[in-house]
Amino acid sequence: MLPCQRHLFDIPDDVAYLNCAYMSPLMKQALEAGTAGLARKAHPWELAPDKFFTGSDEFRSTAAQLIGCPGDCIAIVPSASYGIATAARNLPVKEGQSVLVLEEQFPSNYYPWQRRVEETGAALKVVAWPSDKDNDWTAAVLDSLTDDVAIAALPHVHWTSGGRLDLVRIGAACRKLGAALVLDLTQSLGALPFSVREVQPDFAVAASYKWLLGPYSIGLLYVAPKWQEGMPLEENWIQRANARDFSSLILYTEDYDAGARRFDMGERSNFALLPAAVRAMKQLLEWNVTEISETAGALNRQIAAAAAELGFSFPPGHLRAPHYLCLRRKTGIPRELPEMLAREKVFVSVRGSSIRVTPNVYNSAADGERLIACLQQTANLSR
Ligand SMILES: Cc1ncc(COP(=O)(O)O)c(C=O)c1O
């Protein structure tokens, strides 16, 4: 368990921010790294050509440490949707086959597949919400992995409920079937341990601005070696083998730079975003993701216990990710709750009939108590 890390962030005392699944706050040091990076553009004469490569490679090697793979397997992407679209462009699927997704999966890991099946005559196969199976997504996915599935496009954690998938078992089942596994780790990487070696995905993407504690518009894409000869979404100069020699750029070449670099987005050497993202990932490595998970999990357990007393229910601990807690109540969410939360500066996501609570290492027990106080007061009002 980590002690509260709030001092590393710029979070005012009167704010209880329990909404990392929406967007994480940027650490002070990451903000400084990003600001210094942006300032470099004020003096372009100091920006040597090698800087187009060193920052990107540092991003690759740091991201690679987080997921346990060689830096060469990491591409730099602007969003989860870009990474999923790259996978969709490269993975074969044909008529009579299907692409497996979860019910109510995040749109960035849905639309690219919807398009792909439309183009190929394949079908989307949607794993129904397993309400009748204890909300056990792993069992539901394993049941759905039949011969017709060519690609399973899944998250590690369902983005609204926090339901967790056992990717090691699902990965093994996909390999047995010969199905490709594509992962959107945006709501888990940085808060839930993940290992490429254990899961063996074909592609895995994570946007940086949530649990990776990084800036918006940058993310990592893991590409398994077998797909690294594939087709990128865009063709740009810096993905090519001759990019390091600025004087030979118009000696057009068929050859790409090594590994997953061919899948990098255009202008990937972003001098402001990359250093901020790298600083944040280095901090995650220093804290250790298992410790982060346990720390967020402990706070959620405290909140869950107090919320249960107020009549709220939530999925059992072994089926949800520790950093997620979704509270529901038979009688619904008190009508006055959103206004009360706003007044008390308690930030969670209230969606329909559920409250999504997603703390991180900058939260303290006091933040949880402030949320419970709001739930208690509104519960009394709606009685
Ligand atoms: C599961 C999941 N994936 C991806 C994203 C962000 O997608 P994109 O980077 O394509 O905007 C979100 C944002 O809420 C998310 O919850």
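The structure reproduced in this document is the subject of the present report.

About the cut-offs
The residue count restarts for each chain, going from 1 along the sequence in the order it is written. In keeping with the predicted nature of the model, local features appear solely for residues at pLDDT of at least 70, side-chain atom pairs appear and are counted solely at 80 or more, and the whole-chain, interface and lining totals rest on all residues. In computing side-chain properties, one takes all heavy atoms of the structure into account and sets aside hydrogens as well as water. Only protein chains enter the area calculation, which uses a 1.4 Å probe; residues under 20% of their type maximum are buried, those over 50% are exposed, and those in between are partly exposed. Secondary structure counts use DSSP, requiring at least four H or I residues in a row for a helix and at least two E residues in a row for a strand, with both numbered from the N terminus. Handedness is read with the strands pointing away from the viewer; a crossover is right-handed when the path from the first strand over the helix to the second is clockwise. A pair of strands is labelled paired if DSSP reports no fewer than 2 bridges between them. The rule is short: rings of Phe, Tyr and Trp, with Trp giving its six-membered ring, pair when the centres are within 6.5 Å, and they are stacked under 30 degrees, edge-to-face over 60, tilted in between. We count a charge as sitting over a ring when the NZ of a lysine or the CZ of an arginine lies within 6 Å of the ring centre and within 35 degrees of the ring normal. Salt bridges are defined by distance alone: a side-chain nitrogen of Lys or Arg within 4 Å of a carboxyl oxygen of Asp or Glu. Two residues qualify as a contact provided that any one of their heavy atoms is within 4.5 Å of a heavy atom in the partner residue. Axes, fitted as lines to C-alpha atoms, cover a helix only where it is in contact. Angles between the N-to-C directions of the axes lie from 0 to 180 degrees. Note on terminology: disulfide denotes any pair of cysteine sulfur atoms within 2.5 Å. Definition of nearness: a residue and a molecule or strand are near each other if at least one heavy atom of the residue lies within 4 Å of the molecule or strand. Polar contacts here mean pairs of N or O atoms no more than 3.5 Å apart (in protein, one a potential hydrogen donor and the other a potential acceptor; neighbouring residues in sequence count only if both atoms are side-chain atoms). Accessibility throughout is a Shrake-Rupley quantity obtained with a 1.4 Å probe, and a residue counts as covered only by protein chains that appear here. Using a 1 Å grid laid over the protein atoms alone, points where a 1.4 Å probe fits but cannot get out form a cavity; open sets with protein on both sides within 12 Å along at least 5 of 7 lines form a pocket; any residue with an atom within 4 Å of a point counts as lining. A cavity or pocket is said to hold a molecule if more than half of that molecule's atoms lie within 2 Å of its grid points.

As a further point, take the pairing of strand β6 (residues 180-184). Burial runs high along β6: five of the five residues are buried. For the crossover that starts at strand β5 (residues 149-155), traverses helix α6 (residues 167-177) and ends in the parallel β6, the hand is right-handed. Relative to strand β7 (residues 203-207), β6 runs parallel, the two sharing three bridges. From the neighbouring strand, Val-182 faces β7, where its bridge partner is Phe-203.

Remark: the centre distance and the inter-plane angle together describe each pair of aromatic rings, the angle taken between the planes. Counted by the stated rule, this structure contains 12 aromatic pairs. Note on Phe-106 and Trp-159: the rings are 4.8 Å apart at their centroids and 85° apart in plane angle, and the pair reads as edge-to-face. With Phe-106 in the loop between β3 (98-102) and α4 (111-120) and Trp-159 in the loop between β5 and α6, this residue pair connects regions lying 53 residues apart in the sequence. Judged by its relative accessible area of 34%, Phe-106 is partly exposed. Each member of the aromatic cluster is reached from another via a ring pair, and the members are Phe-52, Trp-237, Phe-246 and Phe-271. Here Arg-329 stacks its cationic end above the ring of Phe-312, 5.4 Å away from the centre of that ring.

On to the pattern of salt bridges, then. Side chains bearing opposite charge may pair, as long as their charged atoms lie close to each other. Enumeration over the complete set of coordinates arrives at 16 salt bridges. Close ionic contact of Glu-235 with Arg-240 constitutes a salt bridge, the shortest N to O distance being 2.7 Å. Owing to a relative accessible area of 17%, Arg-240 belongs among the buried residues under this scheme. In this structure, Glu-336 engages Arg-335 in a salt bridge whose closest nitrogen and oxygen atoms are separated by 3.9 Å. Classification of Glu-336 by relative accessible area gives partly exposed; the value is 24%. Ionic contacts of the salt-bridge type, sharing partners, join the residues Asp-57, Arg-60, Asp-72, Arg-244, Asp-257, Arg-261, Asp-264 and Arg-268 into one network.

In this section: the sheet that holds strand β12 (residues 349-351). Spatially, β9-β10-β13-β12 is the arrangement adopted by the four strands of the open sheet, whose pairing is antiparallel. On the outer flanks of this sheet lie β9 (312-313) and β12, each paired with one strand and no other. Contacts between helix α9 (residues 289-309) and the sheet are confined to β9, β10 (325-329) and β13 (354-357), with β10 contributing the most and set at about 5° to the helix.

Another aspect to go through is the state of the cysteines. Applying the stated rule across the entire model yields zero disulfides. Here Cys-69 stays free of any disulfide, with the sulfur of Cys-73 as its closest cysteine sulfur at 5.0 Å. Taking the relative accessible area as the measure of exposure, Cys-69 reaches 14% and is therefore buried.

Turning our eyes to something else, we now look at the environment of Ile-218. Examined against the element boundaries, Ile-218 turns out to sit in the loop between β7 and β8 (219-223). The exposure class of Ile-218 is buried, given its relative accessible area of 0%. The spacing of Ile-218 and Val-77 is 141 residues in sequence and 5.8 Å in space, taken between C-alpha atoms. Contacts of Ile-218, omitting those with residues within four sequence positions, involve Phe-59, Ile-76, Val-77, Pro-78, Ala-207, Ser-208, Met-265, Leu-273, Leu-274 and Ala-277.

Looking at the element boundaries, Phe-9 is found in the segment before β1 (16-17). Residues Phe-9 and Leu-299, spaced 290 residues apart in sequence, show a C-alpha to C-alpha distance of 18 Å. Apart from residues no more than four positions distant in its own chain, Phe-9 is found in contact with Pro-25, Leu-26, Met-27, Lys-28, Leu-213, Trp-287 and Tyr-362.

Right, let's talk about the site of the ligand for a bit. Contacts to the ligand come from Ser-79, Ala-80, Ser-81, Phe-106, Ser-108, Trp-159, Asp-184, Thr-186, Gln-187, Ala-207, Tyr-209 and Lys-210. Ala-80 is positioned with one of its backbone polar atoms (N or O) 2.8 Å from an oxygen atom of the ligand. Burial of the ligand by the protein amounts to 87% of the accessible area it has alone, namely 400 Å². Placement of the ligand is best described as lying within the largest pocket.

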